[in-house]
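Overview (structure and organization)
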Amino acid sequence: MKAVLGTMGDEVKVFGFWASPFSRRVELALRFKGVPYEYIEEDILGNKSPLLLHYNPVHKKIPVFLHNGKPIAESLVILEYIDDTWKSNPILPHDPYDRAMARFWANFIDDKCFPAFMKAVMGPENEREKAVEEAGDCLKTLESALNGKRFFGGDAIGMVDIAANFIGFWVRIIQEIAGVELLSADKLPALFKWTDEFVSCSVVKESLPPQDKISAAFKARIDQAQTNTRP
Amino acid sequence: MATSEVKLLGSWPSPYAMRPRIALNIKSVDYEYIDEKLWEGKSQLLFQSNPVYKKIPVLIHGHLKPICESLIIVQYIDEAWSSGPSILPSDPYERAVARFWAAYLDDKWFPAVKSIGVAKGEEEKKAAIAQVEQGLGLMEEAFGQCSKGKAFFGGDEIGYLDIAFGSFLGWLRVTERFNEMKLIDEANTPGLAHWADSFCSHAAVKDVMPDTDKLAEFGKMVIAKIKAAGAAAQRH
């Protein structure tokens, strides 16, 4: 763990859910910058804690980030705050244009890629083919942002890599269970290669949930969805 | 940074296109404004400069490639013209708060405002109005916290959240007019009521805020089109 650059007596907490890529993003950013934090697991499928509801009354969701008692919600907002506050290992580039591009792609991942992917693997059967095509288009567009680099952030991971964590890890697991081939070496060679680079970073490895547990959780979720749609 | 050529593609009724214009005005940056009449179709320049979303606003700064998404453009303007007045707050936590509310307005609040116009039946309309009012209650509280007694969310001067929220005032007023109701008013949201007046009369805003009458006429046309498209879809 790298030396912490920051004020002594900093109290940092993350409210998350073990399977959620969104809270894992926050943890990854903190680990990348060597910031120690306390992690609090929220039972989001069962009962959300009164503390979570107190800190995020608007959305009632994880992740919630707490710095010396002050709460912040929304993972991309949290990532920007972390970068503003802890200067070691920046996750956003220095140049304003490059920063705008990083923000664009991070938002594209959340606004387009994530919903498209979820629809492709969980959506209604009769819309499956179209959903898979749309998800494929989203990933192809995102792939263009790599532009020959090792990571979206260049030689090291940056905000876009962190935002793309669910593509780096979750997508390959989930698509296999769902029986949908979206991200493959022949369809999206550069993006596929990036997923290998991403998960092989030690700081990323440390911040990922166990693969078998994600598989099991998702299998259960797909079974549940299918049960719900059975006549 | 050298003052290279700055172009902005926008559309006069769009709250999103207004945001970068206000930001450029705050920084006293000269720019060429290109108005897209989106209801007549999209231009080649728009398709070329925003192939991912095909939407306005798009900022084209000199030889750099275009920048899209209104709030990203506003942040870019703030960072590229760093010697001008600041748009984002200087404190990281205040920045996070401003970003949080701007995202809330775009993702949750304004879609609720739009849904009032196309609601099917009284129940749906009432639910949409309730959601909008609840959001305004949150924003009134946020205003109290962010402004700390000053005129704007940004303090003495307009900032990121003022721009993000204020750009919706035109359509909010049109919604009030169409539904014969007040959403921001002295009684329920006194802070926001004063803020709205201050915002709209600000030098950086007043020339780019569309006239409510003109916007209302445009609104009627849009609603009619949406309803016609909905009816046509049902006939098939």
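None of the values given here were measured: they were computed from a predicted structure. (Residues numbered from 1 in each chain as written. Chains lettered and ligands numbered in written order. Predicted model: local features only at pLDDT ≥ 70, side-chain atom pairs only at ≥ 80, totals over all residues. Heavy atoms only, no water.)

Of regular secondary structure, chain B possesses nine helices and four strands. Along its sequence from the N terminus, chain B presents helices and strands in the succession β-α-β-α-β-β-α-α-α-α-α-α-α. Here the C-alpha radius of gyration of chain B, 18 Å, is about what a compact globule of 236 residues would show, namely 18 Å. Expressed as lengths along the three principal axes of its C-alpha atoms, the size of chain B is roughly 55 × 45 × 30 Å. Within the span of chain B, comprising 236 residues, buried residues form 50% of the whole. Once local pairs closer than 6 in sequence are excluded, the contacts in chain B between residues at least 24 apart make up 66%. Approximately 11,200 Å² of chain B is accessible, and the part contributed by carbon and sulfur atoms is 53%. In chain B, 27 positive and 31 negative side-chain charges are present, and the distance between their average locations comes to 6 Å. (Helix = DSSP H or I, 4+ residues; strand = E, 2+ residues; numbered from the N terminus. Rg over C-alpha atoms; globule rule 2.2 N^0.38 Å. Buried < 20%, exposed > 50% of the residue type's maximum accessible area, 1.4 Å probe, protein only. Contact = heavy atoms within 4.5 Å. Areas by Shrake-Rupley, 256 points an atom, 1.4 Å probe, with all protein chains shown as cover. Lys, Arg positive; Asp, Glu negative; His and termini not counted. Charge placed at Lys NZ, Arg CZ, Asp CG, Glu CD.)

This part covers the confidence of the model for chain B. With 97% of its residues at a pLDDT of at least 70, chain B reaches an overall mean of 93. Scored by ipTM, the complex comes to 0.93, with pTM at 0.94. (pLDDT = per-residue confidence, 0-100.)

In this section: the sheet that holds strand S3 (residues 58-61) of chain B. Consider a sheet: its strands pair through backbone hydrogen bonds, and that pairing is either parallel or antiparallel. All names here are of chain B. Read across the sheet, four strands follow the order S2-S1-S3-S4 without closing on themselves; strand pairing throughout is mixed. Edge strands, defined here as strands with exactly one partner in the open sheet, are strand S2 (32-35) and strand S4 (67-68). Alignment of strand S1 (residues 6-10) against S2, held across four bridges, turns out to be parallel. Paired with Leu-9 across the bridge in S2 is Ile-34. Across the sheet, helix H1 (residues 15-26) is in contact with S1, S2 and S3; its angle to S1 comes to roughly 155°. (Pairing = 2+ DSSP bridges. Axes fitted to C-alpha atoms, helices over the stretch in contact; angles between N-to-C directions.)

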